[in-house]
Structure formats: C-alpha cells, structure tokens
Amino acid sequence: MSGLTFAAYLRDATRAHGALPADLIQTLETTADACCQISAALKRGALAGILGQAGSSNIQGEDQKKLDVISNDILLDAHVRGGHLAGMASEEMDDPFPIPEGQAQGRFLLLFDPLDGSSNIDINVSVGTIFSVLEAPAGSDAAEVAPFLQPGTAQVAAGYAVYGPSTQLVLTLGHGVDSFTLDPDSGDFVLTQEGMTIPAETQEFAINMSNQRFWEQPVQHYVGELLAGKTGKRGKDFNMRWVAAMVADVHRILTRGGVFLYPLDTKTFAKGGKLRLMYEANPMSWLVEQAGGAASTGRERILDIAPNGLHQRVPVILGSRAEVERVVDYHREI
Ligand code: F6P
C-alpha cells in the first residue's frame, strides 16, 4: 500500500474496515490540508515575519506565539469551510467553537493542539499539530462543553503532524497506526509506513529531568533505576532524549521505542498534571496503544478517564508496554 496518497488511503481503509462516514473522511482530509498549510507557514518562518510572541495568552495562561494563533486560524478556517463538523475545541480557545449558523454542518467534533511544543519555533526545532475526532452525541449542542467530554476510548480518529526535516502525518482509525510523508512537490501526504509498532522493551526514556525534585516517589524510584544503568537493578544503560515537544518525543517512541513521562509533580499537582487530556494525552495514548504500547497516568489508563473539562490536565506515562507497566506497578507498590 506504500505510495498511496492520503485520499486514496482513506478510500482503501473503507474497503478494508467497512465504510468510513463521508464526513469523517472530509474531516481527515481537511485536517491534512490544514497541516500542509501550517507546514508551509513554518517553513517560511522569519521570512514571513511570523516568529515571536502574539502578545496574547491562552486559557492556560501561556503566552501565545504568532504561529500558535496562525495555526489555530488555519484549522478553524479550513473546517468552517469544510461543512463536515459540528464544532471544534482547541488549546488556544477558552470555549468550544461551534460551526457558525449558515455554514454546512456535520456530526463530528474535532479537538486539537494546533502547534504543540511551540517554544521550539523560535529555535527552529520540531513542533507538531495533534488532533482527536469524536462523534457529537445526537441532539447535542457543539457550543456547549458537554458533547466534547467523552473518554479517549470514544475517539473515532486521532493523529498528529510532526513538522521536522520532513513533515509527517501519523494516524489511527482504530486499526493500527500508519504514517504519511508530505510530498512538498505535489502537496500530498503519501503513505510511507504501515503498522507502526512500539517494541515492548526499550533502552530510551524521555522526561524533563529538571523537575526531578518535584516528582512523586514512584517516579523518583523508576528514573533512579534507569540512571543506575548497567550497575543497577536493570542491568543495562538507558539513554535519555527530551525534545520538549510532545509530538516529537512521541514520534520518536512510535518509531524506535522508548518511554515518555510527564508525571504528576508538586509544581503541577493543583492543576492535575501538565499535559492536556482532550487534545494531547488522549490522541497520543490511543496512537501508542494502537502501536502495541501502553499509556497511563501511573494510576489509571488514560483512555478510560471520564473528562471533567475541555482543558483538563493529566499526568502522562506512555510508550513501550513493559516500561509503562513497571511505572504503574511502582505507583501501586511505593
Ligand atoms: O504542550 C506542552 C508541551 O510543550 C509538550 O509538548 C512538551 O512535552 C512539554 O510541554 C514540555 O514541557 P517542559 O517545558 O517542561 O519541557
């Protein structure tokens, strides 16, 4: 199947797994087109005068970059024109964004982090777009938060685009994980890897070590074992990587294995964690599970969490199954 364009792949997925609803196919194609536009804006960078701060902040109190706002607008505009969604929710917007009256509407809800890891933009390092698709409950109002508050197990599609040396789109529809590379000449995403699989065992971990003194005991214990390397209980050396863009760190894990941790710590305890459930943890957890890995807060499976807010934060431990299970065990035992 390698070499298929994204549109042809979606038609084929329909053949292999039963009909995908037309408005889901349009949602995914429009999201891919929007990611292609975001990729083009990122490539122009300083030439287009779009680096730096927007001078505003989002609901999380984080300063918005110009490219956060531009990426959010690209996704909103594309999907308002698309006519296949009931509404959207984004890291960059306090409230849900229902498709305006007078525009064609569909039955799906799209949640996204338009530009994940945006502190990397000004230093020209990888960033990404993360998205999750849910079906709006019948009769629900997409201007309300309630229809969006579905657990990760209810997702009908999830994926991300990673804007690195090449732009890649990684997608799950619940039948494994496939990856597409943007052909800069044709503007098409082309299938380049089918069935991404995370090895159960790994020798690589990703965590912001500068937070070590704030972690809970189970994570202190786990990372301590990794750092002890060959001379410690694990009997092997571990390597550490931290891109500080979840998309890039998870992409590495989907590609060659590893474990990613943004655990609960005393800095983020009051907020429930650092990463956002609805448009970061849920889509990434589903991708990781679909690739044979696991995803947990340390205390529960991320996909089972009953959400209580659009911008809810959770601890995230995901990646190679054996490592995630070990961290979960330590949360029970220590
Ligand atoms: O969305 C938040 C985020 O930028 C993630 O993409 C990334 O994993 C994390 O924050 C980086 O956090 P820190 O600033 O602690 O390195």
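Please refer to the structure higher up on the page.
Residues numbered from 1 in each chain as written. Predicted model: local features only at pLDDT ≥ 70, side-chain atom pairs only at ≥ 80, totals over all residues. Heavy atoms only, no water.

S.K.: Pulling in residues and values, what's your account of the overall build of the protein?
M.R.: Helix and strand content of the protein: seven helices and 17 strands. Since a compact globule built from 334 residues should have a radius of gyration of about 20 Å, the 19 Å found for the protein is in line with a globular shape. In terms of principal-axis extent, the alpha carbons of the protein reach across some 65 × 45 × 45 Å. The 334 residues of the protein split such that 56% are buried. A separation of at least 24 residues holds for 64% of the contacts in the protein among residues at least 6 apart in sequence. With an accessible surface of roughly 13,500 Å², the protein has 49% of that area assigned to carbon and sulfur atoms. Each charge class in the protein can be summarised by its mean position, and for the 26 positive and 40 negative side chains these summaries are 8 Å apart. (Helix = DSSP H or I, 4+ residues; strand = E, 2+ residues; numbered from the N terminus. Rg over C-alpha atoms; globule rule 2.2 N^0.38 Å. Buried < 20%, exposed > 50% of the residue type's maximum accessible area, 1.4 Å probe, protein only. Contact = heavy atoms within 4.5 Å. Areas by Shrake-Rupley, 256 points an atom, 1.4 Å probe, with all protein chains shown as cover. Lys, Arg positive; Asp, Glu negative; His and termini not counted. Charge placed at Lys NZ, Arg CZ, Asp CG, Glu CD.)

S.K.: Provide a residue-level description of the site of the ligand, including the pertinent values.
M.R.: Near the ligand lie 13 residues; those nearest to it are Asp116, Asn208, Met246, Tyr262 and Glu280. A distance of 2.5 Å separates an oxygen atom of the ligand from a polar side-chain atom of Tyr262. Relative to its unbound accessible area of 400 Å², the ligand is 81% covered by the protein chains. Among the secondary structure elements, those contributing two or more residues to the shell around the ligand are strand E13 (259-262) and strand E14 (275-276). Its residues placed into classes, the shell around the ligand shows seven nonpolar, two polar and four charged. (Near = heavy atom within 4 Å. Polar contact = N/O pair within 3.5 Å; in protein donor to acceptor, adjacent residues only side chain to side chain. Nonpolar A, V, L, I, M, F, W, Y, C, P; charged D, E, K, R; others polar.)

S.K.: With reference to specific residues and values, describe the sheet that holds strand E11 (residues 204-206).
M.R.: What the five strands build is an open sheet, ordered E12-E11-E13-E17-E15; its pairing is mixed. Bordering the open sheet on either side are strand E12 (239-240) and strand E15 (294-296), each of which pairs with just one other strand. The pairing of E13 with strand E17 (residues 316-319) spans four bridges and is antiparallel. Looking at the pairing, Tyr262 lines up with Val316 of E17. Strands E15 and E17 of the sheet are contacted by helix H6 (residues 277-290), whose axis makes an angle of about 25 degrees with E17. (Pairing = 2+ DSSP bridges. Axes fitted to C-alpha atoms, helices over the stretch in contact; angles between N-to-C directions.)

S.K.: With reference to specific residues and values, describe the packing of aromatic side chains.
M.R.: Tallied over the entire structure, the rule returns six aromatic pairs. Where Tyr9 meets Phe180, the ring centres are 4.7 Å apart and the plane angle is 80 degrees; that geometry is what we call edge-to-face. In this pair, Tyr9 is assigned in helix H1 (residues 6-17) and Phe180 in strand E9 (residues 177-182), connecting sequence segments 171 residues apart. Feature note: the residues Phe6, Tyr9 and Phe180 constitute an aromatic cluster, connected by ring pairs. (Phe/Tyr/Trp six-rings, centres within 6.5 Å; stacked < 30°, edge-to-face > 60°.)

S.K.: Before we move on, could you go through the environment of Thr167 and cite the residues and values that matter?
M.R.: Within the secondary structure layout, Thr167 lies in strand E8 (residues 167-172). Ignoring any residue separated from it by four or fewer positions in sequence, one finds Thr167 in contact with Ser39, Lys43, Val162, Phe180, Thr181, Leu182 and Phe189. There is a polar contact of 2.8 Å between the side chain of Thr167 and the side chain of Ser39.

S.K.: Describe in detail the packing of helix H5 (residues 246-256) against H6, supporting the description with residues and values.
M.R.: Two numbers describe how H5 lies on H6: the axes approach to 11 Å, and their chain directions differ by 10 degrees. Classified by the angle their axes make, H5 and H6 are roughly parallel. Across the interface between the two elements, Met246, Val247, Val250 and Leu254 from H5 touch Glu280, Met284, Leu287 and Val288 from H6. Residue composition of the contact of H5 with H6, grouped by class: seven nonpolar, no polar and one charged. (Parallel < 35°, antiparallel > 145°, perpendicular 65-115°, else oblique.)

S.K.: Describe a positive patch on the surface, and please don't skip the residues or the numbers.
M.R.: Positive charge collects at one region of the surface, where Arg213, Lys267, Lys271 and Lys274 lie side by side. If you trace the backbone, Lys271 turns up in the loop between E13 and E14. When its relative accessible area of 54% is taken as the criterion, Lys271 is described as exposed. (Patch = residues over 30% accessible without salt bridge, like charges linked within 9 Å, V, L, I, M, F, W, Y side chains within 5 Å. Salt bridge = Lys/Arg side-chain N within 4 Å of Asp/Glu carboxyl O.)

S.K.: Can you explain the side chain of Asp178? Please cite residues and give values.
M.R.: With respect to the element layout, Asp178 can be found in strand E9. Accessibility expressed as a relative area gives 9% for Asp178, which makes it buried. Within the structure, Asp178 has its side chain in polar contact with the side chain of Tyr9 (distance 2.6 Å). When sequence neighbours within four positions are dropped, the list of residues in contact with Asp178 reads Tyr9, Leu169, Val170, Leu171, Leu191, Gln193, Glu194 and Gly195.

S.K.: Please provide a residue-by-residue account of the pattern of salt bridges, values included.
M.R.: This model, assessed by the stated rule, comprises 17 salt bridges. The partner of Glu225 in a salt bridge is Lys233, with the nearest N and O atoms 3.4 Å apart. Bridged by salt links that share partners, the residues Glu204, Asp249, Arg252 and Arg256 form one connected network.

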